[in-house]
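# Working through the structure, step by step
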Protein chains: 2
Amino acid sequence: MSFSPLISELIAAFRCLPGVGPKSAQRMALHLLERDRHGALQLSYSLQQAANQVGNCQQCRTLCETTLCPICSSSRRQRETICVVETPADVLAIEQAGGFSGLYFVLMGHLSPLEGIGPEQLGLDQLIQRVKQDQVEELILATNPTVEGETTAHYIADQLQGLPVSISRIAHGIPLGGELEYVDGGTLAHALAGRKPWLVND
Amino acid sequence: MSFSPLISELIAAFRCLPGVGPKSAQRMALHLLERDRHGALQLSYSLQQAANQVGNCQQCRTLCETTLCPICSSSRRQRETICVVETPADVLAIEQAGGFSGLYFVLMGHLSPLEGIGPEQLGLDQLIQRVKQDQVEELILATNPTVEGETTAHYIADQLQGLPVSISRIAHGIPLGGELEYVDGGTLAHALAGRKPWLVND
């Protein structure tokens, strides 16, 4: 004997969310039904709207429901610098950090032959076209410092060889506020190899 | 600069779920939009169906979309014993533990004057009516061992005084597999006070 069909189905449906196991799914379903029907209907509506209407920006491929995303259609952004990231969440992280005023290109993933994700799935033709046509001066490769992210960055840099665009990779090293003692060996090696001359203030 | 409106609204809508903060909400929204549109639409549909159709069982008040819940309408349950619990999740917990074959009464909360939850909100009139009419022999008070749960149990027991029904409270003590050393003082005191004679096997 368990819950009635509609409740059981709702609990099962919550399992599609990342990090939600059977207990959390049950808690979410019962919370909404016992205490927040309005929130449940609002979430239902938002899910339907977003799932049906959100597509990809024609220029940078990030998730948005318009032809061009707010960043690509902004007149305040510098069009000669493009930052290449893996996901829309990475765009938000960089925007929230502040300090970058160029445009983005969102791969929506990384090269992963095992999962069948090749250059076409990442829209690399489109990126190369854009670099050629839009007089891009600098391309910043900001894929994750994972095996797949590094491979993807290398592949993109290879494809752009010979074009008049400078290619850079975001710096890897000790995070601000981090302690050397607790940083992993790979990061520490990167930080040492990427050391910069100390600037003496006048 | 953040996400486009529909995505921002979806992230905000996820905040109605218990235990979901801004980061989790963003991760859920992006996961569904990037990788699982089908799951998003399924969840949207389930939410709408459940929020609109799930009501309360006419007899035991648990959440269900039919007039009587599966337990109340089952012919296999013993109708002379009623177990009073606070929430539908408690019903499931007892059902999964097995061993109880009576019926339930779900308060859908506990007495809480501060939140405006009195005897009417908990359907206590209905419970007392049921005890009188259905020849209930035993009422098991299985509200939580919290201040509110205890108060609610005391109140119900008081209201039923004089009626030909035996009232019991679920036992509180050391959980199975628990270690005395790590059990809190209140539980330990309960366990000592509630000790039972050791039965010598013949």
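Reference entry: report on the structure contained in this document. (Residues numbered from 1 in each chain as written. Chains lettered and ligands numbered in written order. Predicted model: local features only at pLDDT ≥ 70, side-chain atom pairs only at ≥ 80, totals over all residues. Heavy atoms only, no water.)

The partner chain B presents 54 residues to the 54 residues of chain A that form the contact. Where chain A abuts chain B, roughly 4800 Å² becomes buried across the two surfaces, and 75% of that area is made up of carbon and sulfur atoms. Counting across the interface, chain A meets chain B through zero salt bridges. For the pair chain A and chain B, the number of links is nine residue pairs in polar contact (both at pLDDT 80 or more). Residues that form the side of chain A that touches chain B fall into these classes: 31 nonpolar, 15 polar and eight charged. (Contact = heavy atoms within 4.5 Å. Buried area = accessible area lost by both parts, 1.4 Å probe. Salt bridge = Lys/Arg side-chain N within 4 Å of Asp/Glu carboxyl O. Polar contact = N/O pair within 3.5 Å; in protein donor to acceptor, adjacent residues only side chain to side chain. Nonpolar A, V, L, I, M, F, W, Y, C, P; charged D, E, K, R; others polar.)

All right, on to the pattern of salt bridges then. Residues and elements named next belong to chain A. Evaluation of the coordinates by the stated rule reveals four salt bridges over all chains. Across the pair E95 and R77 runs a salt bridge whose closest N-O atoms are separated by 2.8 Å. Of this pair, E95 sits in helix 4 (residues 88-97) while R77 sits in the loop between strand 2 (63-64) and strand 3 (81-85), and the two are 18 residues apart along the sequence. The same class applies to E95 as to R77, namely buried. (Helix = DSSP H or I, 4+ residues; strand = E, 2+ residues; numbered from the N terminus. Buried < 20%, exposed > 50% of the residue type's maximum accessible area, 1.4 Å probe, protein only.)

A separate point is the relation of the copies chain A and chain B. Under the fitted operation, chain A is carried onto chain B by 0.0 Å of movement along the axis and a turn of 180 degrees, and the coordinates agree to an RMSD of 0.0 Å. Those values place the two copies in the arrangement expected of a two-fold rotation axis. In terms of proximity to the rotation axis, the leading residue of chain A is S44(A), whose C-alpha is 2.0 Å off the axis. Comparing contact sets, 100% of the residues at the interface of chain A also lie at the interface in chain B, consistent with an isologous, same-surface contact. (Least-squares fit on C-alpha atoms with pLDDT ≥ 70 in both.)

Bringing the layout of surface pockets into the picture now. Quantified by volume, the largest pocket comes out at close to 330 Å³. Forming the walls of the largest pocket are 13 residues, and the residues nearest its centre are R35(A), M108(B), G109(B), H110(B) and I117(B). When its residues are assigned to classes, the lining of the largest pocket shows three nonpolar, five polar and five charged. (1 Å grid on protein atoms, 1.4 Å probe; cavity = no way out; pocket = protein on both sides within 12 Å on 5 of 7 lines; lining within 4 Å. Points joined across faces, edges and corners; volume = space filled by probe spheres on them.)

All names here are of chain A. If you walk across this open sheet you meet the four strands as 4-3-5-6, and the pairing is parallel. Edge strands, defined here as strands with exactly one partner in the open sheet, are strand 4 (103-106) and strand 6 (166-169). When strand polarity is set aside, the average angle formed by the axes of neighbouring strands in this sheet is 25 degrees. Here strand 3 pairs with strand 5 (residues 138-141) via four bridges, running parallel. Among the inter-strand pairings, V84 is bridged to a residue of strand 5, identified as L141. Relative to the sheet, helix 5 (residues 124-133) contacts strand 3, strand 4 and strand 5, its axis offset from that of strand 4 by approximately 155 degrees. (Pairing = 2+ DSSP bridges. Axes fitted to C-alpha atoms, helices over the stretch in contact; angles between N-to-C directions.)

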